[in-house]
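Here are the chains, one letter per residue:
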Amino acid sequence: MARRNKILVPEARDGLDALKAKVVQVHNPEDAKFEAAEEVGVPLKKGYNGQLTSQQAGKVGGRLGGSMVKELVKMAQENMIKE
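These figures come from a predicted structure and were not determined experimentally.

**Quick word on the overall build of the protein chain**
For step 1, the next point in the chain: Along the protein chain, the regular secondary structure elements total three helices and zero strands.
For step 2, the next point in the chain: If you list the helices and strands of the protein chain from N to C, you get α-α-α.
For step 3, the next point in the chain: Looking at the protein chain residue by residue over its 83 residues, the buried ones come to 19%.
For step 4, the next point in the chain: Carbon together with sulfur atoms contributes 57% to the accessible area of the protein chain, which is approximately 6500 Å² in total.
For step 5, the next point in the chain: Mean positive and mean negative side-chain charge positions of the protein chain (14 and 11 charges, respectively) differ by 6 Å.

**Quick notes on helix H3 (residues 54-82)**
For step 1, the next point in the chain: End to end, H3 covers 41 Å across 29 residues, agreeing with the expected 42 Å (1.5 Å per residue, within 8%).
For step 2, the next point in the chain: Within the sequence span of H3, burial applies to Val 60, Leu 64, Ser 67, Met 68 and Glu 71.
For step 3, the next point in the chain: Buried residues along H3 sit in contact with helix H1 (13-24) and helix H2 (29-40).

**A few points about the side chain of Ser 67**
For step 1, the next point in the chain: Looking at the secondary structure, you find Ser 67 in helix H3.
For step 2, the next point in the chain: Using a relative accessible area of 19% as the deciding quantity, one classes Ser 67 as buried.
For step 3, the next point in the chain: Engagement of the side chain of Ser 67 in a polar contact is seen with the side chain of Arg 63, the distance being 2.5 Å.

What counts and how
- Residues numbered from 1 in each chain as written.
- Predicted model: local features only at pLDDT ≥ 70, side-chain atom pairs only at ≥ 80, totals over all residues.
- Heavy atoms only, no water.
- Helix = DSSP H or I, 4+ residues; strand = E, 2+ residues; numbered from the N terminus.
- Buried < 20%, exposed > 50% of the residue type's maximum accessible area, 1.4 Å probe, protein only.
- Areas by Shrake-Rupley, 256 points an atom, 1.4 Å probe, with all protein chains shown as cover.
- Lys, Arg positive; Asp, Glu negative; His and termini not counted.
- Charge placed at Lys NZ, Arg CZ, Asp CG, Glu CD.
- Expected span 1.5 Å × (residues − 1).
- Contact = heavy atoms within 4.5 Å.
- Polar contact = N/O pair within 3.5 Å; in protein donor to acceptor, adjacent residues only side chain to side chain.

Have a look at this one:
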């Protein structure tokens, strides 16, 4: 089982997973990290990935996190315009 980061509002997990899938354009949020890894050329595989360098792991996490933040900012701006 994959280790999951602790989030401040546990009820938001499903929404965050949906956002992750949306920004990487996959249906399953669990596949998002593999798609992101492929995009940045990191050999991520299911299971143990102890051979990855910190730099490689950061490329995957940065791709996902950065895209999610950009999408959240875009959503907030759209909500502000509506109000």
